[in-house]
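Report on the structure
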Amino acid sequence: MAREITALLARFPACIDDPQMDGMGSGPYTPAGLLKGWNAGNIAAIHILSSRQDPFRYALPRATLMRCWEWNDTLDARQQRLGDAKAIPKMSSFALDEKILTAAIWVDGMPIMLPRVDYVLMARRQDDGATQIACLSWADLVPVLLQAGHAQHDGFDVSHALAADTTSALLASGQPFDPDRMCLLNADKVLDEESVSAARA
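Numbers given for residues are sequential positions, taken from 1 along each chain in its written order. Local features are withheld for residues below a pLDDT of 70 in this predicted model, meaning they are given only at 70 or higher, and side-chain atom pairs are given and counted only at 80 or more; totals for whole chains, interfaces and linings count all residues. Only hydrogens and water are set aside; all other atoms, that is, all heavy atoms of the structure, feed into the side-chain values.

1. Overview of the sheet that holds strand β10 (residues 182-185)
We treat two strands as partners when DSSP finds at least two bridges between them. Secondary structure elements are defined from DSSP: runs of H or I of at least 4 residues count as helices, runs of E of at least 2 residues count as strands, and each element is numbered from the N terminus. With mixed pairing, 6 strands are arranged side by side in an open sheet as β9-β6-β5-β3-β2-β10. At either margin of the open sheet sits one strand with a lone partner, and together these are β9 (175-176) and β10. Pairing geometry for strand β6 (residues 131-137) and β9, over 2 bridges, is antiparallel. Of the residues in β9, the one forming a bridge with A134 is P176. By definition in these notes, contact holds between two residues if any of their heavy atoms fall within 4.5 Å. Only the stretch in contact is used when fitting a helix axis, every axis being a line fitted to C-alpha atoms; angles between N-to-C directions are given from 0 to 180 degrees. Lying on the sheet, helix α5 (residues 138-147) is in contact with β3 (99-107), β5 (119-125) and β6; it crosses β6 at an angle near 95°.

2. Digging into helix α7 (residues 193-200)
Of the positions making up α7, those classed as buried are S195, V196 and A199. When α7 is viewed along its axis, its buried side chains cluster within an angular range of 100° and face the same direction. Burial classes: relative accessible area under 20% of the type maximum marks a residue as buried, over 50% as exposed, and values in between as partly exposed (1.4 Å probe, protein chains only). Here the arc refers to the directions that run from the helix axis out to each C-beta atom.

3. Section: the pairing of strand β8 (residues 155-158)
Two elements, strand β4 (residues 112-115) and β8, share 4 bridges in a ladder whose sense is antiparallel. Of the residues in β8, the one forming a bridge with I112 is V158. Pairing of strand β7 (residues 151-153) with β8 involves 3 bridges; the strand directions are antiparallel. Its bridge partner lying in β8, A151 is registered against D157. Adjacent in sequence and paired antiparallel, β7 and β8 are bridged by 1 residue.

4. Regarding the packing of aromatic side chains
Given two aromatic rings, their pairing is described by the distance between the two centres and the angle made by the two planes. When the centres of two rings from Phe, Tyr and Trp lie within 6.5 Å, Trp using its six-membered ring, the rings pair. Their planes under 30 degrees apart give stacked, over 60 give edge-to-face, and anything left gives tilted. One pass over the structure, following the stated rule, counts 2 aromatic pairs. Aromatic side chains F94 and Y119 sit 5.9 Å apart centroid to centroid with 50° between the ring planes, which places their arrangement in the tilted category. Of this pair, F94 sits in strand β2 (residues 92-96) while Y119 sits in strand β5, placing them 25 residues apart in sequence. Of the two residues examined, F94 and Y119, each falls in the buried class. Arranged with centres 5.8 Å apart and planes meeting at 50°, the rings of W138 and F156 form a pair that is tilted. Taken as a pair, W138 in helix α5 and F156 in strand β8 lie far apart in primary sequence, 18 residues in all. Take W138: its relative accessible area is 5%, and that puts it in the buried class.

5. Re unusual backbone geometry
Its identity as a non-glycine residue notwithstanding, D97 has a phi of 50°, on the positive side. Look at D97 and you get partly exposed, because its relative accessible area is 44%. In this structure, E98 takes a positive phi of about 75° despite not being glycine. Positionally, E98 belongs in the loop between β2 and β3.

6. Structural notes on the pattern of salt bridges
Salt bridge criterion: a side-chain nitrogen from Lys or Arg within 4 Å of a carboxyl oxygen from Asp or Glu. Tallied over the full model, the rule gives 3 salt bridges. The partner of R62 in a salt bridge is D192, with the nearest N and O atoms 2.9 Å apart. Placement of R62 in helix α3 (residues 62-73) and of D192 in strand β11 (residues 191-192) is noted, with a sequence separation of 130 residues between them. Assessed through its relative accessible area of 14%, D192 is described here as buried. Of the charged contacts, one joins R181 and D97 as a salt bridge, the two residues approaching to 2.7 Å between their closest N and O atoms. Remark: D97 occurs in the loop between β2 and β3 and R181 occurs in the loop between β9 and β10; sequence separation between them is 84 residues.

7. Some thoughts on the side chain of S93
Note on placement: S93 falls in strand β2. Owing to a relative accessible area of 8%, S93 belongs among the buried residues under this scheme. Not counting the four nearest positions on each side in its chain, S93 is found in contact with L60, L101, C183, L184, L185 and V190.

Set out below in structure tokens:
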């Protein structure tokens, strides 16, 4: 948001009138000032809503949410550069037994640029049309991908499809997806832990 508004005001200079709590007042505009007011508004809203029973089940550290946002924000541009030969999955928030983690979906062991996440949800279409999904922790996935010769960065560059037996072994070793214990969360359901803590202070 701050990036877009900063670019807009650079192109079309305007006077600032930001009377909200901790806002910039009558200016000048700064990205830091915008974010300060925005975060203060979020904290106030969280404080007001905190009277509801368990309204903030889902929260992650702000740095984690920013890393997810930055990855997803650049996903389309990187996919266009790579073309269709390699997938780039979204980073998602993932609830596992009430613990909130990061996750990415990987289909059929296909070539992929995997971000570093807590869990990879590996999916494969079966002959009967059903989809098998196994949840693999990053720690369990790393040695398999290294042994297969794939490049590790802040994630993995899986340059060629996994062998069928490797994919089968991974699916067999992971936790079967259990909707009673696991779910992918929409981004608007996950707050940053720092704002929640500030609102409760």
